[in-house]
Amino acid sequence: MMMKRAFSTCICRFNCRLLITYGNHLSFSVYDFTSHFSTNPTNSIPFKPKPQFPYSSNPTHAQLQRLLLEKSKVGFDKLDDALVVFDQMLHMKPLLPVINFAQMLAALVKMKQYSVAVSLFRDMSVQSIPVNIVTFNTAINCFCHLNHVDYAFSLLAGIFKRGFIPDVVTYTTLIRGLISQDNPAEAQLLFTNLIRLKAIKPDVVTYNTIINGLCKRAHASTAVTLFRYMEKKGCKPDTVTYSTLIDCLCKLRFVHKALDLLHEMTDKGIPPNVITYSSLIQGMCDFNRWQDVNLLLSEMNSRNISPNVRTFNILVDAYGKEGMVKDAEDVIEFMIQRGHYPNVVTYNSLMDGYCLRGEVEKALAVLQTMKTKRILPDTLSYNILINGYCKKLKVDRALDFFQEMPYEGLKPTIETYSTILQGFFHTGRHVEARIFFKEKMMLNKGLTLHIVTCRILLHGLSENGYAVEALSFFHTMERSGLIPDIHIYTILIDGLSKNGHFEEARSLFNNLPSKGLQPDVKTYTIMIQAFCHEGLFDEANELFVDMEANNCLPNDVTYNTLIRGCFQNKKYNEASALIDEMRAHSFSADASTTSLLLDLLESEEQDPALLALRKKYLT
């Protein structure tokens, strides 16, 4: 009762959204907030399927208990098997202990069948099957995985109603759920207040769980704050704590802070492990800090910490991305000598390195080596090869691999399709590109287009004179719910203006604010060029002024575009001023601007402004 009063006080005192919002759900019954989840649309679980199940239809209590203990650790092979066992559990006389029902829920969690676990928990409540804090915690965990933290908090009412006391697992799960929904501030507030009210006494495992959740959501600052807080509260961080933070900082490219943490943990006598060093090596590779990579490897050796497959794969990938395939091969040879066997990740990185160097045949040889070693290539293996051949303008060869994928049991991804689509456009085969898109992509119901694919298609159509078709697809894309970004609009504006559809281009540009989009320097430059091409120099110049007012500074392309517009519209004084301004910004005239200027200087035209321009540059 004291705990219940403490938590009630906690609800009253916490002035934050999580307890206001989640408190509104506390009057729900267990049935209310679990009835939303079932395995079929009728909200009833199909308990009596007829799978081939290896156990008798009338198992003994001992048989079921042995089975549940085993499956709670690894999960069932099939969902139907789990449902049959649960049905058998319901009909056992006497009823199995609550621990066995908890094991069933744990098995479903292992299978990631969270909604099914919630539905079974509901049925347990409806049929008055005993529950305990473990089953409640499991249901809370499932709701968090299903992104329904509000329902997870509602279960607290059920815990108190049954006379149970929430434990550290309960609250840690709820806090982790808040973090997973990008509410780190609320999670931290709940955690600190629970400690203040002595509702929980967290240990290093609790802190590590929450810090890990924060790091996975890239909330490094909050994670470090909690890390310092745990130290202040006398809870000593361990290798897992430091390794988690170091990995997070490296992924966010704060490698200097990660190195500081490495030095701090070793100074405190907390030993780093291979995970710690692998994260740091990855961070250093991302910055091409090869000297630091070598120092870290040397330090690992001095501490008798052996690199694992992940460490070696990081090095192979880093060398491959830099085109240093000989070094990558040396790493693979060394890892084999150390008793570690390359996997598909290793060979994919090597293939990618060869493709980046344009050596696609060597990449193909790596694929054959994988097959010889009975390492099954994955979708990424084929995507790498297809991309490599497309970049070498060998689209037909790329298509061969595309068609081979289903025979290897692999399903092409949107990246696969997009690569081939771009390959067709790059080789000028725009008719085949359009056919490929319509027949292979649009008719594939399992394929979901993303923004990169749309950019490829719109750019390809626009560049090949299909601006109206591009605009039509753009509207289809909008209707499908895919939200265009500024790059999509820029491609369309450019294509429409260059293909004689200036008004449509201008309309799209003028509507950008209503779409919540801000033109970038490329968008402005394209529109300035369109105005100049239409002889609307004043509008072009006005747009040039507007872009600076909107904190979008012109670049060398913008200046050159407007200067050529000045020349073409015989605005020689304006051109002269812009040239001076361009030079003041350390930009220079490009080949087109220089050629046009030389032609004007050699012309016989007697325009006073042009004569002044000649005098300026020829004397």
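Residues numbered from 1 in each chain as written. Predicted model: local features only at pLDDT ≥ 70, side-chain atom pairs only at ≥ 80, totals over all residues. Heavy atoms only, no water.

If you tally the helices and strands in the chain, you get 35 helices and zero strands. A globule of 619 residues ought to have a C-alpha radius of gyration of about 25 Å, yet the chain, at 32 Å, is considerably larger. Overall size of the chain, expressed as C-alpha extent along the three principal axes, is 110 × 65 × 60 Å. Scored against the burial criterion, the 619 residues of the chain give a buried share of 48%. For the chain, the accessible surface area stands at approximately 30,800 Å², while carbon and sulfur atoms represent 53% of it. Here the chain holds 64 positive side-chain charges and 62 negative ones, and the gap between their average locations is 12 Å. (Helix = DSSP H or I, 4+ residues; strand = E, 2+ residues; numbered from the N terminus. Rg over C-alpha atoms; globule rule 2.2 N^0.38 Å. Buried < 20%, exposed > 50% of the residue type's maximum accessible area, 1.4 Å probe, protein only. Areas by Shrake-Rupley, 256 points an atom, 1.4 Å probe, with all protein chains shown as cover. Lys, Arg positive; Asp, Glu negative; His and termini not counted. Charge placed at Lys NZ, Arg CZ, Asp CG, Glu CD.)

Relative to the helices and strands, A433 is located in helix α25 (residues 430-441). Given a relative accessible area of 0%, A433 falls into the buried group. When the C-alpha atoms of A433 and L421 are compared, they prove to be 5.6 Å apart, with twelve residues separating the residues in sequence. Among residues more than four places away in sequence, those in contact with A433 are L421, F424 and F425. (Contact = heavy atoms within 4.5 Å.)

Bringing unusual backbone geometry into the picture now. Keep in mind that most residues, glycine aside, have a negative phi and that most peptide bonds are trans. Following K93, the chain continues into P94 via a peptide bond in cis, with omega recorded as -5°. A positive phi angle, close to 60°, is found at S128, a residue other than glycine. Of note in this structure, N304 is not a glycine but carries a positive phi near 60°.

Right, let's talk about the packing of aromatic side chains for a bit. Tallying each qualifying case throughout the model produces 20 aromatic pairs. The interplanar angle of 75° and the centroid separation of 5.2 Å between the aromatic rings of F474 and Y489 together place this pair among those described as edge-to-face. Of this pair, F474 sits in helix α27 (residues 467-479) while Y489 sits in helix α28 (residues 486-498); the two residues are 15 residues apart in sequence, bridging distant segments of the chain. For the pair F474 and Y489, a shared accessibility class is recorded, and that class is buried. Counting every residue linked through ring pairs, the aromatic cluster contains F402, Y417, F424 and F436. The ring of F254 carries the charged tip of K257 above its face, separated from the ring centre by 5.0 Å. It is R434 that lies over the ring of Y466; its NZ or CZ is 3.9 Å from the centre. (Phe/Tyr/Trp six-rings, centres within 6.5 Å; stacked < 30°, edge-to-face > 60°. Lys NZ or Arg CZ within 6 Å of the ring centre and 35° of its normal.)

Let us now look at the packing of helix α15 (residues 255-267) against helix α16 (residues 274-286). Across the interface, α15 lies against α16 with an axial gap of 10 Å and an inter-helix angle of 155°. Taken as axis vectors, α15 and α16 run roughly antiparallel relative to one another. Where α15 crosses over α16, the handedness of that crossing is left-handed. Mapping the contact onto sequence places V255, A258, L259, L262 and M265 in α15 and T276, Y277, L280, G283 and M284 in α16. When its residues are assigned to classes, the contact of α15 with α16 shows eight nonpolar, two polar and no charged. (Axes fitted to C-alpha atoms, helices over the stretch in contact; angles between N-to-C directions. Parallel < 35°, antiparallel > 145°, perpendicular 65-115°, else oblique. Left-handed = near helix turned anticlockwise from the far one by under 90°. Nonpolar A, V, L, I, M, F, W, Y, C, P; charged D, E, K, R; others polar.)

When the pLDDT values of the chain are averaged, the result is 87; 90% of them are 70 or greater. pLDDT under 50 marks residues 1-53. Its contacts with residues more than four places away, or in other chains, come to 101 contacts. (pLDDT = per-residue confidence, 0-100.)

The next thing to look at is the nonpolar core. Core analysis: the biggest nonpolar cluster contains 191 residues, and M89, M104, L421, F436, F474 and F567 have the highest contact counts within it. Here the element with the most residues in this core is helix α9 (residues 149-161); it accounts for eight residues. Setting aside its immediate chain neighbours within four residues, M104 contacts L68, F76, A82, V85, F86, M89 and L120. (Core = buried A, V, L, I, M, F, W, Y, C linked by side-chain atoms within 4.5 Å.)

A few words now on the environment of D327. One can find D327 in helix α19 (residues 325-337). Residue D327 is classed as partly exposed on the basis of its relative accessible area, which comes to 32%. Each C-alpha atom, one on D327 and one on L214, is 36 Å from the other, the two residues being 113 residues apart in sequence.

What follows covers helix α29 (residues 502-510). Given 3.6 residues per helical turn, the α-helix brings residues three or four places apart onto the same face. Three or more residues of α29 are buried, namely F502, A505, L508 and F509. Looking straight down α29, one finds its buried side chains confined to an arc of 125°; they lie on one side. (Arc of directions from axis to C-beta.)

For S243, the position within the fold is in helix α14 (residues 239-251). Setting aside residues no more than four positions away along its own chain, S243 makes contact with N273, I275 and T276.

Before going further, it helps to examine the pattern of salt bridges. Applying the stated criterion to the full structure yields 27 salt bridges. Put simply, K268 and E231 hold a salt bridge, and the shortest N to O gap is 2.6 Å. Linking K268 in the loop between α15 and α16 with E231 in helix α13 (residues 220-232), this pair joins segments that are 37 residues apart in sequence. The partly exposed category is assigned to K268, whose relative accessible area is 41%. A salt bridge links K438 to E469; its shortest N-O distance comes to 3.9 Å. Within this pair, whereas K438 is found in helix α25, its partner E469 is found in helix α27, the two being separated by 31 residues in sequence. Taken together, the salt bridges that share partners define one network made up of R228, E231, E264 and K268. (Salt bridge = Lys/Arg side-chain N within 4 Å of Asp/Glu carboxyl O.)

What follows is about helix α7 (residues 114-126). Taking 1.5 Å of rise per residue, the 13 residues of α7 would be expected to cover 18 Å, and the 19 Å separating its terminal C-alpha atoms lies within 8% of that figure. Along α7, ten of the 13 residues are buried, which leaves the element largely enclosed by surrounding structure. Taken as a whole, α7 has its buried residues at Y114, V116, A117, V118, S119, L120, F121, R122, D123 and M124. Backbone geometry just downstream of α7 places S128 in the positive-phi region, at approximately 60°. (Expected span 1.5 Å × (residues − 1).)

Formally, a disulfide is one covalent bond, and it connects the sulfur atom of one cysteine to the sulfur atom of another. Counted under the stated rule, the structure contains zero disulfides. Between C235, a free cysteine, and C215, which holds the nearest cysteine sulfur, the sulfur-to-sulfur gap is 16 Å. (Disulfide = S-S within 2.5 Å.)

Moving on: a negative patch on the surface. On the surface, D538, E539, E542, D546 and E574 cluster together into a negatively charged patch. For the negative patch, the leading source of residues is helix α31 (residues 537-549), giving four residues. Relative to the elements of secondary structure, D546 occurs in helix α31. (Patch = residues over 30% accessible without salt bridge, like charges linked within 9 Å, V, L, I, M, F, W, Y side chains within 5 Å.)

Looking now at the packing of helix α4 (residues 61-74) against helix α6 (residues 98-110). In contact at an axis separation of 7 Å, α4 and α6 are set at 35° when each is read in the N-to-C sense. Once α4 is placed against α6, the crossing between them reads as left-handed. Across the interface between the two elements, Q65, L68, L69, K71, S72, K73 and V74 of α4 pack against N100, Q103, M104, A106, A107 and K110 of α6. Its residues assigned to classes, the contact of α4 with α6 comprises six nonpolar, four polar and three charged.

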